[in-house]
Amino acid sequence: LAAQAAAALESAGRRALAREANRSARRLLVRAVELEPTLQRRFLAARAAGRIADLPALASEMERVLDDATRASDKRLQGLALVALAEAALLRDADLPRGKELVEQALVLLEDGAPEDRFEALTVRARIGWWLGDLEDDELWIGRALEVAREIGRKDLEANALDELASSAIARLDL
């Protein structure tokens with residue numbers, strides 16, 4: 001019964017994340033983890049913590065996910081956990097060198113993975129260039145993200161990447 005309830009809560013949590021109902025997603029996914037903690041559920045619950053800007057929970061939970069994913073040789077979850085930890089390093093600690101190190105490790109792990117996962121890592125890497133004021137670096141990485149978005153036909157991701165490129169052009173006064 002607990003396993004069935006956890007599966008139903010996870011499914012509801014995934015739907016909540018998809019529609020940006022992040023607080024609901026966090027509650028549902030934490031409850032699913034309480035009932036039946038799997039690596040995937042713990043990752044989703046931590047991701048939901050990040051979506052509601054609970055950066056301390058994001059960092060501590062993703063550290064555990066990273067450790068367990070490494071032990072399980074799950075390169076995808078390792079990479080995604082590293083991306084989330086890079087975001088925590090950037091947003092919570094303002095530690096750009098650490099964020100860059102983490103996201104570049106993630107890019108290696110996600111190189112042959114799902115395009116959506118690579119897109120996420122590439123946009124975080126681009127953000128580091130932006131924050132450093134290195135617009136060429138930002139454009140390089142967001143350009144790669146744009147290629148991924150076009151490769152998979154995701155207009156929403158393509159629009160996000162194009163918006164970032166437009167912001168870079170405006171910052172350079174390349175109107």
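Provided above is the structure to which this section pertains.
Figured I'd write up the structure that's included with this text. This one's a predicted model, so the numbers in the text were calculated from it and none came from an experiment.

Definitions and cut-offs
Residues numbered from 1 in each chain as written. Predicted model: local features only at pLDDT ≥ 70, side-chain atom pairs only at ≥ 80, totals over all residues. Heavy atoms only, no water. Helix = DSSP H or I, 4+ residues; strand = E, 2+ residues; numbered from the N terminus. Rg over C-alpha atoms; globule rule 2.2 N^0.38 Å. Buried < 20%, exposed > 50% of the residue type's maximum accessible area, 1.4 Å probe, protein only. Lys, Arg positive; Asp, Glu negative; His and termini not counted. Salt bridge = Lys/Arg side-chain N within 4 Å of Asp/Glu carboxyl O. Contact = heavy atoms within 4.5 Å. Expected span 1.5 Å × (residues − 1). Patch = residues over 30% accessible without salt bridge, like charges linked within 9 Å, V, L, I, M, F, W, Y side chains within 5 Å. Areas by Shrake-Rupley, 256 points an atom, 1.4 Å probe, with all protein chains shown as cover.

## Regarding the overall build of the protein chain
Part 1: A count of helices and strands for the protein chain gives nine helices and zero strands.
Part 2: Along the protein chain, helices and strands appear, N-terminal first, in the series α-α-α-α-α-α-α-α-α.
Part 3: The globule rule puts the C-alpha radius of gyration for 175 residues at 16 Å, and the 17 Å found for the protein chain is close to it.
Part 4: Reported as C-alpha extents along the three principal axes, the dimensions of the protein chain are approximately 60 × 30 × 30 Å.
Part 5: When each of the 175 residues of the protein chain is scored for burial, the buried share is 45%.

## Notes on the side chain of Asp138
Part 1: Its place among the elements puts Asp138 in helix H8 (residues 135-152).
Part 2: Buried and without a salt bridge, Asp138 has Arg172 as its closest oppositely charged side chain, separated by 7.8 Å.
Part 3: For Asp138, the residues in contact, after removing those within four places along its chain, are Ala126, Arg127, Gly129, Trp130, Glu164 and Ser168.

## Examining helix H7 (residues 115-132)
Part 1: The end-to-end C-alpha distance of H7 is 26 Å, a good match for the 26 Å that 18 residues give at a rise of 1.5 Å each.
Part 2: Within H7, burial applies to Pro115, Asp117, Arg118, Phe119, Ala121, Leu122, Thr123, Val124, Arg125, Ala126, Ile128 and Gly129.
Part 3: One or two residues past the end of H7 sits Gly133, with phi positive at roughly 80°.

## Comments concerning the environment of Glu20
Part 1: Relative to the helices and strands, Glu20 is located in the loop between helix H1 (2-18) and helix H2 (22-35).
Part 2: Looking at Glu20, the relative accessible area reads 54%, which means it is exposed.
Part 3: Along the sequence, Glu20 and Ala32 sit twelve residues apart, while their C-alpha atoms lie 18 Å from each other.

## Some remarks on a nonpolar patch on the surface
Part 1: A grouping of Leu91, Trp130 and Trp131 is seen on the molecular surface, where their side chains present a nonpolar patch of about 290 Å² in accessible area.
Part 2: Looking at the secondary structure, you find Trp131 in helix H7.

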